Amino acid sequence: MRLEPSFRYALYAAFVLLFMTGAGWLVADQMKETASGEGWQAAAASLLMIQGGAAMATLLLLGALFPLHIRRGWRARRNRLAGTAMVTCNAVLILTAFGLYYFGSEMLRPWASGVHIGGGIFLPVLFLVHVIVGRRSA
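About the thresholds
- Residues numbered from 1 in each chain as written.
- Predicted model: local features only at pLDDT ≥ 70, side-chain atom pairs only at ≥ 80, totals over all residues.
- Heavy atoms only, no water.
- Helix = DSSP H or I, 4+ residues; strand = E, 2+ residues; numbered from the N terminus.
- Contact = heavy atoms within 4.5 Å.
- Areas by Shrake-Rupley, 256 points an atom, 1.4 Å probe, with all protein chains shown as cover.
- Lys, Arg positive; Asp, Glu negative; His and termini not counted.
- Charge placed at Lys NZ, Arg CZ, Asp CG, Glu CD.
- 1 Å grid on protein atoms, 1.4 Å probe; cavity = no way out; pocket = protein on both sides within 12 Å on 5 of 7 lines; lining within 4 Å.
- Points joined across faces, edges and corners; volume = space filled by probe spheres on them.
- Nonpolar A, V, L, I, M, F, W, Y, C, P; charged D, E, K, R; others polar.
- Expected span 1.5 Å × (residues − 1).
- Bend = angle between axes of the 7 residues up to and from the residue.
- Buried < 20%, exposed > 50% of the residue type's maximum accessible area, 1.4 Å probe, protein only.

Let's talk about the overall build of the chain
Each helix and strand counted, the chain has 4 helices and 0 strands in total. Sequence-ordered secondary structure for the chain, helices as α and strands as β, is α-α-α-α. Viewed in the frame of its principal axes, the chain has a C-alpha envelope of about 55 × 30 × 20 Å. Considering only contacts within the chain whose residues lie at least 6 apart along the sequence, 67% involve residues at least 24 apart. Here the chain has roughly 9100 Å² of accessible surface; of this, 72% comes from carbon and sulfur atoms. For the chain, the distance from the average position of its 12 positive side-chain charges to the average position of its 5 negative side-chain charges is 29 Å.

A look at the layout of surface pockets
The computed volume of the largest pocket comes to approximately 1300 Å³. What lines the largest pocket is a set of 36 residues, among which L18, Q51, A55, A97 and H116 lie closest to the centre. Counting only elements with at least two residues in the lining of the largest pocket, the list comes to α1 (5-31), α2 (37-75), α3 (80-102) and α4 (108-136). Sorting elements by how many residues they give to the lining of the largest pocket places α4 first, with 10 residues. In terms of residue class, the lining of the largest pocket is built from 26 nonpolar, 8 polar and 2 charged. Forming the boundary of the second largest pocket are 31 residues, of which L65, H69, N79, G83 and H130 lie nearest the centre. The set of elements that each furnish at least two residues to the lining of the second largest pocket consists of α1, α2, α3 and α4. Counting residues per element, the lining of the second largest pocket draws most heavily on α3, at 8 residues. Split by residue class, the lining of the second largest pocket holds 17 nonpolar, 9 polar and 5 charged.

Observations concerning α4
Between its terminal C-alpha atoms α4 stretches 41 Å, which fits the 42 Å expected from 29 residues at 1.5 Å a residue. Of all bends in α4, the biggest is about 35 degrees, found at L123, and the proline P124 comes one to four residues later. Within α4 the residues assigned to the buried category are A112, H116, G119, L123, L126, F127, H130, V131 and G134. Where α4 is buried, its residues meet α1, α2 and α3.

Keep in mind these numbers describe shape, not what the thing actually does.
Right under this line is the structure:
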């Protein structure tokens, strides 16, 4: 169920950008309390804006995956376990991102943040497993 190269590369680029901006934000957020904290605060804000834009583009790409890739793979009974894990992890990331933006609760926000960070760290590994398993089954 290989994707067209241009679509595949756009998907890879979007996920790399999301991971890099998320990892960069984690570093910048930790450095906000240092002597050069103002610069880190500005960097964290910029990284979040870039990540938000990349997330919107990624949502469009994920939506296109359903008819182009996910449904076809499911019907062909190929790579179902890793594919289901990918869909689930992305759904968790989407829901926790929504929660981080809209939850006002001091109890829910830290939980959503931890789950979002964990999912964001786990997703590249899962992505790689999905691609490798898919190529081996081709």
